[in-house]
Structure formats: structure tokens, C-alpha cells
Amino acid sequence: LNPAVNECVARQIYCIVDWHYITDYSSSAVNTSTLNFWNYVAPKYANTPNIIFELYNEPTTPNNWSTWKSVAQPWVNAIRAVAPNNLILIGSPQWSQTTNNAASSPFSGTNLMYVVHIYPQHGGQSTLDSWVGNTSGTVPYFITEYGWQNGGGSPTSGTTSGFGVPFENYLDSKGLSSTAWVFDTIWQPIMFDANWNLLGGDSYMGQQTQLYLSNHKNDDLP
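Residues numbered from 1 in each chain as written. Predicted model: local features only at pLDDT ≥ 70, side-chain atom pairs only at ≥ 80, totals over all residues. Heavy atoms only, no water.

Chemist: Even after reading the chapter, I still don't get the pattern of salt bridges, so can you show me in this structure?
Modeler: A side chain of one charge can pair with a side chain of the opposite charge if their charged atoms are brought near each other. Inspection of the entire model under this criterion finds one salt bridge. Close ionic contact of arginine 11 with glutamate 7 constitutes a salt bridge, the shortest N to O distance being 2.7 Å. One end of the pair is arginine 11 and the other is glutamate 7, both in helix α1 (residues 2–11) and four residues apart, which spans about a single turn. For arginine 11, a relative accessible area of 57% corresponds to the exposed category. For glutamate 7, a relative accessible area of 40% corresponds to the partly exposed category. (Salt bridge = Lys/Arg side-chain N within 4 Å of Asp/Glu carboxyl O. Helix = DSSP H or I, 4+ residues; strand = E, 2+ residues; numbered from the N terminus. Buried < 20%, exposed > 50% of the residue type's maximum accessible area, 1.4 Å probe, protein only.)

Okay, here's the thing in C-alpha cells:
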């Protein structure tokens, strides 16, 4: 982890350090391992302002916001105890798909954003509206996973014209932060072929993602 973080620091770009669990979040074993991770990692980067902490990649069950808050708030508190300023990204149950509950019942603390993961087979604009759009004026959302690949495994199957471009336009219209998933040759939705050539057209997301980033490269610079 540390070499990647140091490279981001040297290049003055943002880096999300993500506790990449995808499981039931309510067990004592998960609680212990999550606290151990953040108690170890957070102090190391507490004074590095471009390092962002993503609390827990995809909580699955129980699919209950109040239960999730009761379990995860102490994790937020543990990070804040040693890292008072780093941005913390907070997901939600059901693979970070129920985050709109933060509008009526936010976590306690400052400098928090709420994570959503969405792919083509989750639905169209009505899904986007219910998950983020209807409350994006009051809740700071960060979509840390989105992407598409024509014929990709569920739920990633989609096209540039059918999902990618409309989704990017939606991001801009709502002022949503985002990172595309995934910079890989194997793990879907892929951006590259086996020789690391950037893939594009209507079937792959690599070239369109590069274009989207390029179009916004001068936005909101500090």
C-alpha cells in the first residue's frame, strides 16, 4: 500500500485508501479486523491531505441503515481520533446502494461523504434519482465505483452510448464526485486489453473515461 500512496503524494493527486471488504458487516470478527486496519492505517496518513479514507467498500447485510450506523459510527470515530481532517467516504448496506438514507439520518462528524456504487444493470435515471439525484443537493455523494463493458458480467454489462455518456452527463448535472472502476485487463469492466492498450468504442469504457477526465482536468483545482 505505502509505495502506491507515496507515488500519489509525489504526483500531487488524490488517493483513496479503501478497506475492501464485501461481506456482512455485523460480526465481531469484521468489527475487530476493521478497527485493526484503521487504527494501523489512519495515523500513517493523518497529515497527508490528499489521502482519502473509504471506510468499508461494500457492506452487504443486514440491509438496515440504523444498524449500519450503529456498527460503523465507531469506525468513523476511531479514524477521527487520530486523523482529524482526512476526508472519510462512507458506504451503505446492499453493496453501497442504499446510501440515500444519509439524507435523513447522517453519520456524526465532519468532512464526511457518502459512497454509492452503480453499474448499468442496476437501472437507468430513475435508479440514479432514487439513489443519489433526489438528495444530491443536501448530501455530499462520491460514486467510487461505476463502469461498463458490453457483454460484461452482471451487473457491469452496458455500452458507452447507452450507459457511459448519459451517466457522465448525469454526474455533471448533479455535481457528483466519482472514480471509475476498474483500471485492469481482467477484472470487469476492463479498460485495457492484455497488452495494456486502452479500449474504447461502444463496448469498452477506457477511452471514454480518459476523455471524461481530460475534459475536467482543470476543474476545481486548489
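What follows continues from the structure just given.
Chemist: Would you mind showing me how to read the side chain of histidine 117 here?
Modeler: With respect to the secondary-structure elements, histidine 117 resides in strand β6 (residues 112–117). Classification of histidine 117 as buried rests on a relative accessible area of 1%. At 2.8 Å, the side chain of histidine 117 forms a polar contact with the side chain of glutamate 58. A distance of 2.8 Å separates the side chain of histidine 117 from the side chain of threonine 144, its partner in a polar contact. Once residues lying within four places of it in the same chain are set aside, the contact partners of histidine 117 are Glu54, Asn57, Glu58, Trp95, Ser96, Gln97, His122, Trp131, Thr144 and Glu145. (Polar contact = N/O pair within 3.5 Å; in protein donor to acceptor, adjacent residues only side chain to side chain. Contact = heavy atoms within 4.5 Å.)

Chemist: Hey, could you run me through the packing of helix α2 (residues 28–41) against helix α3 (residues 65–82) in this one?
Modeler: Relative orientation and spacing of two packed helices are given, respectively, by the angle between their axes and the distance between those axes. In the contact formed by α2 and α3, the axes pass within 9 Å of each other and the chain directions differ by 15 degrees. Relative to α3, the element α2 is oriented roughly parallel. For the element pair α2 and α3, the recorded crossing hand is right-handed. In this structure, α2 contributes Val30, Asn31, Thr34, Leu35, Trp38 and Asn39 to the contact, and α3 contributes Val71, Pro74, Trp75, Ala78 and Ile79. Classifying every residue of the contact of α2 with α3 gives eight nonpolar, three polar and no charged. (Axes fitted to C-alpha atoms, helices over the stretch in contact; angles between N-to-C directions. Parallel < 35°, antiparallel > 145°, perpendicular 65-115°, else oblique. Left-handed = near helix turned anticlockwise from the far one by under 90°. Nonpolar A, V, L, I, M, F, W, Y, C, P; charged D, E, K, R; others polar.)

Chemist: Sorry, what's going on with the nonpolar core here?
Modeler: The tendency in soluble globular proteins is for nonpolar side chains to be buried as a group. In terms of nonpolar packing, the biggest core is built from 50 residues, with Trp38, Phe53, Trp68, Trp75, Ile90, Phe107 and Tyr114 touching the most fellow members. Other than its neighbours up to four places away in sequence, tryptophan 38 contacts Val17, Trp19, Pro43, Phe53, Glu54, Leu55 and Ile79. By size, the runner-up hydrophobic cluster in this structure holds six residues, among which are Leu87, Leu89, Met113 and Val115. (Core = buried A, V, L, I, M, F, W, Y, C linked by side-chain atoms within 4.5 Å.)

Chemist: Can you walk me through the sheet that holds strand β1 (residues 15–18) in this structure?
Modeler: The strands making up a sheet associate through backbone hydrogen bonding, with each pair oriented either parallel or antiparallel. The strand order across the open sheet built from six strands is β1-β3-β5-β6-β7-β8, with neighbouring strands paired in parallel fashion. What marks the edges here is a single partner per strand, and that holds for β1 and β8 (177–178). The pairing of strand β7 (residues 141–145) with β8 spans two bridges and is parallel. The residue of β8 that forms the bridge with phenylalanine 142 is serine 177. (Pairing = 2+ DSSP bridges.)

Chemist: It is not clear to me how the packing of helix α6 (residues 160–174) against helix α7 (residues 206–215) should be interpreted in this structure. Could you clarify?
Modeler: The interhelical angle for the contact between α6 and α7, taken along N-to-C directions, is 20 degrees, at an axis separation of 11 Å. Judged by the angle between their axes, α6 and α7 are roughly parallel. With respect to the hand of their crossing, α6 and α7 are arranged in right-handed fashion. Contact residues: Thr160, Val165, Glu168, Leu171 and Asp172 in α6; Gln208, Thr209 and Tyr212 in α7. Grouping the amino acids of the contact of α6 with α7 by side-chain chemistry returns three nonpolar, three polar and two charged.

Chemist: I keep staring at the packing of aromatic side chains and nothing clicks. Help me out?
Modeler: Evaluation of the coordinates by the stated rule reveals 19 aromatic pairs. Both rings, one in tryptophan 68 and one in phenylalanine 107, keep their centres 6.4 Å apart while their planes meet at 65 degrees; by these two values the pair is edge-to-face. Taken together, the positions of tryptophan 68 in helix α3 and phenylalanine 107 in the loop between α4 (93–96) and β6 put the pair 39 residues apart, joining distant regions of the chain. Accessibility classification places tryptophan 68 together with phenylalanine 107 in one group, the buried group. Measuring from centroid to centroid gives 6.4 Å for phenylalanine 107 and tyrosine 114, while their planes differ by 50 degrees, and the two rings are tilted. The two residues phenylalanine 107 and tyrosine 114 agree in class, both being buried. Members of the aromatic cluster, each reached through a chain of ring pairs, are Trp19, Tyr21, Tyr25, Phe37, Trp38, Phe53, Tyr56, Trp65, Trp68, Trp75, Phe107 and Tyr114. (Phe/Tyr/Trp six-rings, centres within 6.5 Å; stacked < 30°, edge-to-face > 60°.)

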